[in-house]
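# Working through the structure, step by step
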Amino acid sequence: MTHDSSHPQVGLLVGDAAVAARAPESANTARAAPIPSLRLPPIDDDPLYASIAVPGVPAVEDLLAAIRGYLPDADLALVRRAYAFSAHSHDGQLRKSGEAYFAHPVAVAFLLARLRLDVAAISAGLLHDVAEDTEVTVDEIARRFSAEVSAIVDGVTKLEAIKYSNQQARQAENFRKMLVAMSKDIRVLLIKLADRLHNMSTLDFKKPDSQRKIAQETLEIYAPLANRLGIGWMKAQLEDLAFRYLHPDEYKRLSHLVGARQVERQHYVLRAVDEIRQLMLAEGLPNAQVSGRPKHLFGIWKKMDNGRVPYEQIYDTQGFRVVVADIKECYQALGAVHTHWKPIPGRFKDYIALPKANRYQSLHTSVMGPGAERIEIQIRTSEMHRLAEEGVACHWRYKERGESISVRDEERFTWLKQLLEFHTNAKDADEFMDSMRVDLFNDEVYTFTPKGELKVMQRGATPVDFAYAVHTKVGERTVGAKVDNVMVPLRTALRSGNVVEIMTRPDARPSKDWMDFAVTARARSKIRAYLHAEQRARSREIGLDLLEKALRRLKCSLSRAENSDRLANVLALMGIQNWDELAVAVGFGKADAEKFSRLLLPDAKAESAGQEEDPDAEVKRPRKGKRGKGVATIVVDGLDDVLVRYAKCCSPVPGDPVVGVVTRGRGITVHQRSCSKVLDADPMRRLDCEWNTTGGSGATVTVRVFTENASGMLAAMSQRFTDAGIDICSANCRTEGRRAVNDFEVVVADVAQLNGVIASLGRLRGVARVERVRG
């Protein structure tokens, strides 16, 4: 966060003065004292830094005490040095709130201690802004501390260093880098989450627009990430803080409503906790720990259907937790609860037998509790509870020599690296962020292979998604699926408990249609990559055919051209890297084989005067229409700058379903999908195409009108075209006795406008029939 040099500088206190200036426990309310900055010797030479303090900031001994609570035998000298070095480096810097900037890294360190992270991570948390906001380099951090600490700091710093003018592109690149960083060391992400949580708690000093943007990003990305990492308390705090800034009126109203019933709810919680405790005693579980808590505001608001249901009608606002010794006692406690209170149908979830993707385990049940109120009870072991509180952090334990986590723990969080893999092939920022949100917000369904292997899928997943979850090769060879031993369409949404059997065939291949219903990022990225590779191979083959024909006319072979001394210069002139890329570009229509041949062989004479044109196609390049509108272009396999020809045999216009057909020596010709020439073409030479009408559109088509041979008919028809906003390029009218045939060549925006004017002409008195001329 930026600091303002116009504020008084914050001074460091050392020695006896430090003891007198011990900070309050909370860094959120600390304010800097306007005392002069001191000139301090290098940290390595001054033992007084052992008791350094900054007014308004918790002292290092408070932080060390928190760490000793879970690492009693750890050597905390590194943390003490990091605390002092960070204080020294941030000396004189202030946050926008006016408090010492050093309060922020200290608050982050306390949050990391709550996550029970190791000494290296907490030291990096204290130093995470030093490399970004001061003159200290990452190399200096490595020299003063360790390579491990500097690597974590470097990972966090790189996430902060991104500056993009486009908000979506900045956000997308930020999270791409975050995925890379956390796949290498999860502690980078944990520090980033702690950093975001503390920044959200001090967001009041930002402008309203910035508050909303940061809160939206927090709700869409950071809170779900905390959830996927299994850190429930951090997720709840991030959601409540984001809720406060995104919906301030709803937040204040709900806070007031909850506060008004606070005393009443506290009495109820005490009563319910006492009853549950008595149940456990009667069941022979005297050591069971029972606690109750109100659910966080954002969770209540979501239960209120985003505020559409009155708060008074929401009863499931209290959560109760029972922590027992082992799994057997979990089910024993569940039986006692269900025997004493009536369970609510459909509200029981067994996350012990079927853990969540983040390895969360617990029994969840809702019952009609004391006073016939609906309450939720979670039952888990102490180990499960530790995982629920600390999440991924409780598995990320580094050994003394800095070795990585165990293979078992690594396997628990393979989804982190998979998430990176899934998103590396995203085409643009919008696609990346959309799939990121889908992955983070997914609700899960639990499905099984025929051998009983569990596959946790996101809600809405289909057999195609399931196939790719099993293995990429299984997905690519899928031809059908059985769900619970019944054949189903591949687009069928799976449900929890389904047993899914995938049928494959060695010569099968993915279909582009699968992209319409595949929902997981893994399946979509794999399908897209396969189709792109296939399209590229096909384009290369077509490109080589076109190059061979063009070169043959100049009495040159492909092998001679590929080994020509002039090839490198010609490719550089055309902006193409190598021979293969040239063939692909020619096959796609992005490069011209004739142009390449003339550049490579400038002195060669062609066998014929010129290339024969396709009589059934006209070349279309981007141009401007009469009304200043850009002509509709064709997107070929995601490329919108490909030179194409529009077939005269079917005269496609924007809105018509179209397909590209590659013809040797002529490039890509666009036909309507129903055109007979498409049906006769080699399927390997068909290319998927779609219209791109961004920035305006226009296409030429002939409309034929059969009318009576009467005066005024031509003027009436011309008026109908004018009323529809359609320009007439030419008109050809001829009489056949008492009938007339009128051909109008017009420019239409799309097929809807064309159909509209055809219907309008058909309603004219004297018009017998109107048709679109195809060929």
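Residues numbered from 1 in each chain as written. Predicted model: local features only at pLDDT ≥ 70, side-chain atom pairs only at ≥ 80, totals over all residues. Heavy atoms only, no water.

## Brief notes about the sheet that holds strand S5 (residues 374–381)
Ordered in space as S1-S2-S5-S4-S3, the five strands form an open sheet in which the pairing is mixed. Two strands in the sheet have a free side with no partner beyond their single neighbour: strand S1 (289–294) and strand S3 (349–350). For strand S4 (residues 363–368) and S5, the ladder comprises six bridges, and the chain directions are antiparallel. By the bridge assignment, Met368 is partnered in S5 with Arg374. Here helix H14 (residues 262–282) sits on the sheet in contact with S1, strand S2 (318–324) and S5, set at roughly 30° to S2. (Pairing = 2+ DSSP bridges. Helix = DSSP H or I, 4+ residues; strand = E, 2+ residues; numbered from the N terminus. Contact = heavy atoms within 4.5 Å. Axes fitted to C-alpha atoms, helices over the stretch in contact; angles between N-to-C directions.)

## Let's talk about the environment of Val488
Along the chain, Val488 falls in strand S9 (residues 486–488). Between the C-alpha atoms of Val488 and Pro463, which are 25 residues apart in sequence, the distance is 8.8 Å. Those residues within four positions of Val488 in sequence are excluded, and the remaining contacts are Pro463, Ala481 and Val483.

## With respect to unusual backbone geometry
Here the phi dihedral of Arg116 falls at roughly 60°; this positive angle occurs in a residue that is not glycine. Take Arg116: it is sitting in the loop between helix H4 (103–114) and helix H5 (119–127). Using a relative accessible area of 32% as the deciding quantity, one classes Arg116 as partly exposed. Notably, Asp484 is not glycine yet its phi reads approximately 55°, a positive angle. Counting through the fold element by element, Asp484 comes out in the loop between strand S8 (478–483) and S9. (Buried < 20%, exposed > 50% of the residue type's maximum accessible area, 1.4 Å probe, protein only.)

## Overview of helix H21 (residues 463–470)
Counting buried positions along H21 yields six of eight residues, so the element is predominantly enclosed. Buried within H21 are the following residues: Pro463, Val464, Asp465, Phe466, Ala467 and Tyr468.

## Here we look at the state of the cysteines
Per the counting criterion, the structure on display carries zero disulfides. Cys650 carries a free sulfur, and the closest cysteine sulfur to it, the one in Cys675, is 3.9 Å from it. The buried category is assigned to Cys650, whose relative accessible area is 4%. (Disulfide = S-S within 2.5 Å.)

## Here's the deal with the sheet that holds S8
The strand order S9-S8-S10 describes an open sheet built from three strands, whose pairing is antiparallel. With partners counted over all chains shown, the strands left at the sheet margins are S9 and strand S10 (500–504), one partner each. Between one strand and the next, the sheet's axes are offset by a mean angle of 35°, whatever the strand orientation. The sheet contact formed by S8 and S9 spans three bridges and is antiparallel. Note that in S9 the partner of Lys482 across the bridge is Met487. Running over the sheet, H21 touches S8, S9 and S10 and is turned about 80° from S10.

## Concerning the nonpolar core
The biggest cluster of nonpolar side chains holds 75 residues, and the ones touching the most others in it are Ile122, Leu127 and Met234. The greatest single-element share of this core, amounting to nine residues, is contributed by helix H10 (residues 186–201). The next biggest cluster of nonpolar side chains, apart from the first, holds 33 residues, and it includes Leu571, Ala591, Leu601 and Leu687. (Core = buried A, V, L, I, M, F, W, Y, C linked by side-chain atoms within 4.5 Å.)

## What to know about the packing of helix H3 (residues 77–89) against H5
A pair of packed helices is characterised by two quantities: the angle between their axes and the separation of those axes. Where H3 meets H5, the axes come as close as 8 Å, and the angle between the chain directions of the two elements is 5°. Our classification of the angle between H3 and H5 gives roughly parallel. Contact residues: Leu78, Val79, Ala82, Tyr83, Phe85 and Ser86 in H3; Val119, Ala120, Ile122, Ser123, Leu126 and Leu127 in H5. Here the residues of the contact of H3 with H5 sort into 10 nonpolar, two polar and no charged. (Parallel < 35°, antiparallel > 145°, perpendicular 65-115°, else oblique. Nonpolar A, V, L, I, M, F, W, Y, C, P; charged D, E, K, R; others polar.)

## A word on the pattern of salt bridges
Applying the stated criterion across every chain yields a total of 25 salt bridges. A salt bridge links Arg212 to Asp209; the nearest nitrogen and oxygen atoms lie 2.4 Å apart. A residue pair is termed a helical-turn pair when its members lie 3 or 4 positions apart in one helix, as Arg212 and Asp209 do in helix H11 (residues 208–228) at three residues. In this structure Arg212 comes out as partly exposed when scored by relative accessible area, which is 41%. Here Glu594 makes a salt bridge to Arg553, at a shortest N to O gap of 3.0 Å. Taken together, the residues Glu594 in helix H27 (residues 593–600) and Arg553 in the loop between helix H23 (521–552) and helix H24 (558–562) connect sequence positions 41 residues apart. Summarising the burial analysis for this pair, Glu594 and Arg553 share the class buried. Counted as one network, the salt bridges with shared partners bring together Asp118, Glu148 and Arg187. (Salt bridge = Lys/Arg side-chain N within 4 Å of Asp/Glu carboxyl O.)

## Here we look at the packing of H4 against H5
At a minimum axis separation of 7 Å, H4 and H5 run at an interaxial angle of 160°. Classified by the interaxial angle, the pair formed by H4 and H5 is roughly antiparallel. The crossing of H4 and H5 is right-handed. Every residue of H5 that contacts H4 at Pro105, Val106, Val108, Ala109, Leu112 and Ala113 is listed here: Ala121, Ile122, Gly125 and Leu126. By residue class, the composition of the contact of H4 with H5 is nine nonpolar, one polar and no charged. (Left-handed = near helix turned anticlockwise from the far one by under 90°.)

## Regarding the packing of aromatic side chains
Here the distance between the centres and the angle between the planes together describe a pair of aromatic rings. Under the counting rule described, the total for this entry stands at 10 aromatic pairs. With 5.6 Å between their ring centres and 75° between their planes, Phe243 and Tyr251 make a pair best called edge-to-face. Residue Phe243 is classed as buried on the basis of its relative accessible area of 0%. Using a relative accessible area of 22% as the deciding quantity, one classes Tyr251 as partly exposed. Relative to Phe596, the ring of Trp579 has its centre 6.1 Å away and its plane inclined at 65°; by these criteria the two rings are edge-to-face. One end of the pair, Trp579, is in helix H26 (residues 579–588); the other, Phe596, is in helix H27, with 17 residues separating them in the sequence. (Phe/Tyr/Trp six-rings, centres within 6.5 Å; stacked < 30°, edge-to-face > 60°.)

## Focus: the side chain of Arg196
Looking at where Arg196 falls in the secondary structure, it is placed in helix H10. Polar contacts involving the side chain of Arg196 include one to the side chain of Thr218, which spans 2.9 Å. Apart from residues no more than four positions distant in its own chain, Arg196 is found in contact with Ile214, Glu217, Thr218, Tyr222 and Leu238. (Polar contact = N/O pair within 3.5 Å; in protein donor to acceptor, adjacent residues only side chain to side chain.)

## What to know about the environment of Arg114
Looking at where Arg114 falls in the secondary structure, it is placed in helix H4. Taking the C-alpha atoms as reference points, Arg114 and Tyr70, separated by 44 residues in sequence, lie 9.5 Å from one another. When neighbours within four sequence positions are excluded, Arg114 is seen to be in contact with Trp233 and Gln237.

## A few points about the pairing of S4
Two faces, one strand: in a regular strand the side chains alternate between the faces of the sheet. The buried count for S4 comes to five of six residues, which makes it a mostly enclosed element. Relative to S4, S3 runs antiparallel, the two being bridged by two bridges. Counted as the bridge partner of Asp350 is Leu363 from S4. Counted along the chain from S4 to the antiparallel partner S5, the turn is five residues long, and its residue Gly371 has a positive phi close to 70°.

## Some words on the environment of Gln237
Relative to the helices and strands, Gln237 resides in helix H12 (residues 232–246). Residues Gln237 and Ser201, 36 residues apart in the sequence, show an inter-C-alpha distance of 9.2 Å. Other than its neighbours up to four places away in sequence, Gln237 contacts Arg114 and Leu197.

Taken by themselves, the reported measurements are silent on function.
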